[in-house]
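Residues per chain are reported as follows:
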Amino acid sequence: MLGATGSIGESTLDLVGRDPEAYEVVALTGCKNGTRLAELAIQHRAKLAVVADPDSYKDLTSALAGTGIEAAAGQKALLDAASRPADWIMAAIVGAAGLKPTLRAVRQGTATALANKECLVSAGSIFMAEVARHGTTLLPVDSEHSAALQAMTGTEPERIERVCLTASGGPFRTWSLEQMAAADPEQALKHPNWSMGAKVTIDSATLMNKGLELLEAHHLFALPPEKLDVLVHPQSIVHCLVQMSDGAVLAQLSCPDMRTPIAYSLAWPERMHVPNDRLDLAEIGSLTFEAPDPERFPALRLAKEALAAGGSAGTVLNAANEVAVAAFLEKRLGFLAIAGLVESTLAACADLICLEPRTADDVLEIDKETRRRARGWLPRFA
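First things first, this report covers the structure right here in the doc. Nothing here was measured: the structure is a model prediction, and the numbers come from that model.

1. Observations regarding the sheet that holds strand S5 (residues 111-114)
Across the sheet, three strands lie side by side as S4-S5-S6; this open sheet has parallel pairing. At either margin of the open sheet sits one strand with a lone partner, and together these are strand S4 (88-91) and strand S6 (137-140). The mean angle between the axes of side-by-side strands here comes to 20°, regardless of whether they run parallel or antiparallel. In the sheet, S4 pairs with S5 via four bridges, with the strands oriented parallel. Bridging across to S5, Ile89 finds its partner in Thr112.

Structure below.
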């Protein structure tokens with residue numbers, strides 16, 4: 001499990017821990033929280049625990065003393081952990097930092113549950129080529145892409161006319177531009193439906209998350225941009241709608257709980273019991289839908305433009321957005337300025353966007369240079 005201490009990792013381990021005899025935990029990795037990683041490793045009887053931040057290695061080893069669990073730290077150890085033979089791998093490291101470890105996991109040629117959308121946004125062509133080369137079973141964990149997979153399974157690609165991903169609209173769905181301009185991180189982190197990590201929660205508030213998911217769907221399902229769309233659905237019950245060539249629309253519905261798509265990938269091709277809320281449509285009463293507002297949520301437009309541009313536009317978009325979101329969380333950037341910084345960075349990186357990276361290192365170099373330029377733009381938006 002790559003990213004065991006994050007929201008997706010903890011939810012996955014919640015499922016694994018409910019039937020401990022059914023699973024052998026080969027390795028758990030975390031970013032900085034060595035103490036929590038050790039707790040999880042002990043609880044789930046992991047063979048190996050790796051913390052990416054070397055400064056957290058002491059916390060990890062102290063907490064694991066006498067347990068017999070192997071401990072390691074640093075990027076090389078993270079890559080080694082991703083290479084440990086396993087039947088199923090959860091790739092849940094947030095951001096571009098997850099690219100190389102996830103590629104290592106994919107090269108095992110087994111089942112990889114993908115919760116790191118940046119692998120596809122930043123390096124979609126390279127990543128999917130590795131999936132094909134190694135015969136890996138790639139199982140999307142985003143609720144929308146998991147729903148799309150379930151709705152499309154067994155259908156010939158040419159019979160699919162349109163795939164529509166749904167968005168809750170986030171905490172600011174009904175806010176005015178004036179209200180959004182004054183929004184602080186605490187308000188943006190109060191997602192109405194989902195419990196997620198800070199970065200993805202802010203992306204949900206700007207709708208950048210949905211834009212990144214369009215790029216992800218493009219690579220996952222080999223769908224052209226004109227077959228992909230977004231619809232705001234405040235209840236977060238319908239996760240994706242797939243329109244077929246006969247006019248039928250198939251949808252996957254469930255209560256908003258990330259354990260549902262995680263369980264689908266964990267038990268695939270079967271299904272498993274999940275202790276989540278059961279859907280009661282009579283109690284809910286109604287489901288509503290609306291088009292996203294491009295004026296208040298320009299991030300979605302930027303993502304669509306990046307998808308159309310191709311090349312390294314996805315890499316640049318993702319890197320600029322990570323810089324902008326981090327600055328907002330640190331209260332160095334206003335909420336509406338997140339999209340503004342991303343748009344300015346995209347304009348300043350035309351030379352990078354036209355590049356066609358061939359390796360993960362190429363992608364990471366473009367990512368690094370984009371971040372440098374984005375940070376240079378920050379003072380103009382502060």
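2. Thoughts on the environment of Val342
By the secondary structure assignment, Val342 is in helix H16 (residues 337-348). Put simply, Val342 and Ala72 are 270 residues apart on the chain and 36 Å apart in space, counted from C-alpha to C-alpha. Leaving out residues up to four positions away in the same chain, Val342 has contacts with Met208, Leu302, Leu317, Ala320, Asn321 and Ala324.

3. Quick look at the state of the cysteines
Here the structure, examined in full by the defined rule, presents zero disulfides. The structure places no disulfide on Cys119, whose sulfur is separated from the nearest cysteine sulfur, that of Cys31, by 15 Å. Free cysteine Cys164: the closest other cysteine sulfur is in Cys240, separated by 7.2 Å.

4. Topic: the sheet that holds strand S7 (residues 160-167)
One open sheet accounts for four strands, arranged S8-S7-S9-S10; its pairing is mixed. Only two strands of the sheet have a single partner each, and these edge strands are strand S8 (228-232) and strand S10 (249-253). If you compare each strand with its neighbour and ignore which way they point, the axes differ by 20° on average. Two strands pair when backbone bridges link them, and S7 and S8 are joined in this way by five bridges, in the parallel orientation. Across the sheet, residue Leu165 finds its bridge partner in S8, namely Val230. Together, S7, strand S9 (238-244) and S10 form the strand contacts of helix H7 (residues 143-152), whose direction differs from that of S9 by roughly 35°.

5. What to know about the packing of aromatic side chains
Each aromatic ring pair is summarised here by two numbers: the centre-to-centre distance and the angle between the ring planes. Scanning the model with the defined rule gives three aromatic pairs in all. Taking 4.9 Å as the distance between ring centres and 80° as the angle between the ring planes, the aromatic pair formed by Phe172 and Phe335 counts as edge-to-face. Residue Phe172 is found in the loop between S7 and helix H8 (177-181), and its partner Phe335 is found in the loop between helix H15 (313-329) and H16; the two are separated by 163 residues along the sequence. Across this residue pair, the class does not change: Phe172 and Phe335 are buried. Grouping aromatic residues by their ring pairs yields a cluster made of Phe172, Trp175, Phe328 and Phe335. Here the guanidinium or amino end of Arg380 rests over the ring plane of Trp377, the centre of that ring lying 4.2 Å away.

6. Some details on unusual backbone geometry
Here the amide bond leading from Trp268 into Pro269 is cis, since omega sits at 5°, within 30 degrees of zero. In this fold, Pro269 is placed in the loop between helix H12 (259-267) and helix H13 (281-284). The backbone of Arg45 sits at a positive phi, close to 55°, despite the residue not being glycine. Given the relative accessible area of 47%, Arg45 is considered partly exposed.

7. What to know about the pairing of S5
Burial along S5 is two-sided: the residues Ala111 and Ala113 and Thr112 and Leu114 are all buried. As judged from the four bridges shared by S5 and S6, these two strands associate in the parallel manner. Residue Ala113 lies in a different strand from S6, and its bridge partner there is Leu139. Where the polypeptide runs from S5 across helix H6 (residues 118-134) and back to S6, its parallel neighbour, the crossover connection is right-handed.

8. Regarding the nonpolar core
With 73 residues, the main nonpolar core has Phe127, Val163 and Leu317 as its most contacted residues. Residue contributions to this core peak at nine residues, all from H15. Each residue touching Val163, except ones within four places of it in the same chain, is listed here: Ala148, Met152, Leu223, Lys227, Leu228, Asp229, Cys240, Leu241 and Val242. Met1, Leu40, Met90 and Ile262 belong to the second-largest nonpolar core, a separate cluster that totals 32 residues.

About the cut-offs
Residues numbered from 1 in each chain as written. Predicted model: local features only at pLDDT ≥ 70, side-chain atom pairs only at ≥ 80, totals over all residues. Heavy atoms only, no water. Pairing = 2+ DSSP bridges. Helix = DSSP H or I, 4+ residues; strand = E, 2+ residues; numbered from the N terminus. Axes fitted to C-alpha atoms, helices over the stretch in contact; angles between N-to-C directions. Contact = heavy atoms within 4.5 Å. Disulfide = S-S within 2.5 Å. Phe/Tyr/Trp six-rings, centres within 6.5 Å; stacked < 30°, edge-to-face > 60°. Buried < 20%, exposed > 50% of the residue type's maximum accessible area, 1.4 Å probe, protein only. Lys NZ or Arg CZ within 6 Å of the ring centre and 35° of its normal. Right-handed = clockwise from strand over helix to strand, strands pointing away. Core = buried A, V, L, I, M, F, W, Y, C linked by side-chain atoms within 4.5 Å.

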